[in-house]
Amino acid sequence: DLQRPYVVWNVFATKEFSIKPEQWCFPIAGCVGYRGYFTQVRANAFAQELRERGLDVFVGGVPAYSTLGWFDDPVLNTFVNYPQYEVARLISHELAHQVTYVRNDTEFNESFAVTVELEGVARWMARYGDDKMRADVARAQQRRTQFAALVLKYRRELGALYRTKLAPAEMRQRKTATFDALKQDYRQLKEEWGGFAGYDRFLDEPNNAKLASISIYNALVPQFQHI
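For the structure given in this document, a descriptive report is provided here. All residue numbers refer to positions counted from 1 along the written sequence of the respective chain. Selection of residues for local features in this predicted model requires a pLDDT of at least 70, selection of side-chain atom pairs for listing and counting requires 80 or more, and totals for whole chains, interfaces and linings are taken over all residues. Hydrogens and waters are ignored; side-chain quantities use all the structure's heavy atoms.

Some remarks on the environment of isoleucine 19
By definition, any uninterrupted DSSP run of H or I lasting at least four residues is a helix, any uninterrupted run of E lasting at least two residues is a strand, and each is numbered from the N terminus. Within the secondary structure, isoleucine 19 sits in the loop between β1 (8-14) and β2 (24-26). Sequence-wise, isoleucine 19 and arginine 155 are 136 residues apart; in three dimensions their C-alpha atoms are separated by 6.9 Å. With residues up to four places along the chain from it excluded, the contact list for isoleucine 19 reads Thr14, Arg155, Leu158, Gly159, Tyr162 and Ala212. Here, two residues are considered to be in contact whenever any of their heavy atoms come within 4.5 Å of each other.

Below is the structure:
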């Protein structure tokens, strides 16, 4: 029991006119598209340093992480009380990192682990789930998939915008307009979901770093599922 809601807080950052996440490099893990802190205060302090340098920044709490097989990964208060199928999903994800990990390629590693988690929870559901649980899982996964697709769509649009090399003032205007369009499309998606508001806070103040944090975990999932 860590006496806190998350085990780690990850800091994601991009340049003002870039969709590419900044990277930080470590001896074993290699270069990673985020930087993790075991205390929220330190994560926020680092995030503020990056904002002062003009970067887009996002700090997100994380309930679990993998030591890539180097150590035993503990069961923590940060996720043990999740619904059973969510625990199965999370464990499948983290164990995937012990099986396959490619240095210096965060998008590959996280998209691979998400693919394994989707298959893992499907197999767990087939063995232990009931009809209500299957319906809950299907609904939650549909929302995740639709939200990720929405984010990836607008991230591609921003990437195309940033490649135009417009003057900074005009670039900022178009960047703001693109995020406004994203929020409008999200409101329409919420209506389809019957008002589910689980992503509201994430899109309160969207920026490049927030979009990168979603892309890292989802961009290559269709390709892995095809394989």
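A short note on the layout of surface pockets
In this structure, the second largest pocket encloses a volume near 190 Å³. Taken together, 13 residues form the lining of the second largest pocket, with Asp73, Pro74, Phe79, Ile91 and Glu94 sitting closest to its centre. The definitions used throughout rest on a 1 Å grid laid over the protein atoms alone, on which a cavity is an enclosed set of points accommodating a 1.4 Å probe that cannot get out and a pocket is an open set flanked by protein within 12 Å on both sides along at least five of seven lines; lining residues are those having an atom within 4 Å of a point. Grid points are joined across faces, edges and corners, and a volume is the space filled by probe spheres set on the points.

Concerning the nonpolar core
If you look at the biggest cluster of nonpolar residues, it comprises 25 residues, and the most contacted ones within it are Phe147, Leu182 and Tyr186. For this core, the elements supplying multiple residues, two or more each, are α4 (131-162), α5 (168-192) and α6 (208-218). Among the elements that line this core, the one with the most residues is α4, at eight residues. The contact partners of leucine 182, leaving out residues within four places of it in the chain, are Leu150, Tyr154, Leu203 and Leu211. Among buried residues, the Ala, Val, Leu, Ile, Met, Phe, Trp, Tyr and Cys ones that are joined through side-chain atoms within 4.5 Å form a nonpolar core. Burial status follows relative accessibility: with a 1.4 Å probe on protein chains alone, a residue under 20% of its type maximum counts as buried, one over 50% as exposed, and anything between as partly exposed.

Digging into the pattern of salt bridges
Between Lys or Arg on one side and Asp or Glu on the other, a salt bridge is scored when a side-chain nitrogen of the former is within 4 Å of a carboxyl oxygen of the latter. For the coordinates displayed, the defined rule picks out 13 salt bridges. Across the salt bridge formed by glutamate 22 and lysine 15, the nearest N and O atoms sit 3.1 Å from each other. For the salt bridge of glutamate 117 with arginine 89, the shortest nitrogen-to-oxygen distance reads 2.7 Å. Of the two residues, glutamate 117 sits in helix α3 (residues 106-128) while arginine 89 sits in helix α2 (residues 84-99), which places them 28 residues apart along the sequence. Like arginine 89, glutamate 117 is buried.

With respect to the state of the cysteines
Cysteine sulfurs are considered disulfide-paired once they come within 2.5 Å of each other. A complete count under the given rule lists one disulfide for this structure. The disulfide partner of cysteine 25 is cysteine 31, and the gap between their sulfur atoms is 1.9 Å. Taking the torsion about the S-S bond as the criterion, the cysteine 25 to cysteine 31 disulfide, at about 95 degrees, is right-handed. The class for cysteine 31 is buried, based on a relative accessible area of 16%.

Section: the pairing of β1
Judged by how many residues are buried, β1 sits mostly within the fold: seven of seven residues are covered. Every second residue of β1 is oriented toward a common face, with Val8, Asn10, Phe12 and Thr14 on one face and Trp9, Val11 and Ala13 on the other, all of them buried. Across seven bridges, the pairing between β1 and strand β5 (residues 56-62) is antiparallel. Bridging from a neighbouring strand, phenylalanine 12 pairs with phenylalanine 58 of β5. We call two strands paired when DSSP finds no fewer than two bridges between them. Where β1 and strand β4 (residues 35-37) come together, three bridges link them in antiparallel fashion. Across the sheet, the residue bridging to valine 11 is arginine 35, located in β4.

Geometric descriptors of this kind do not, in isolation, establish any biological role.
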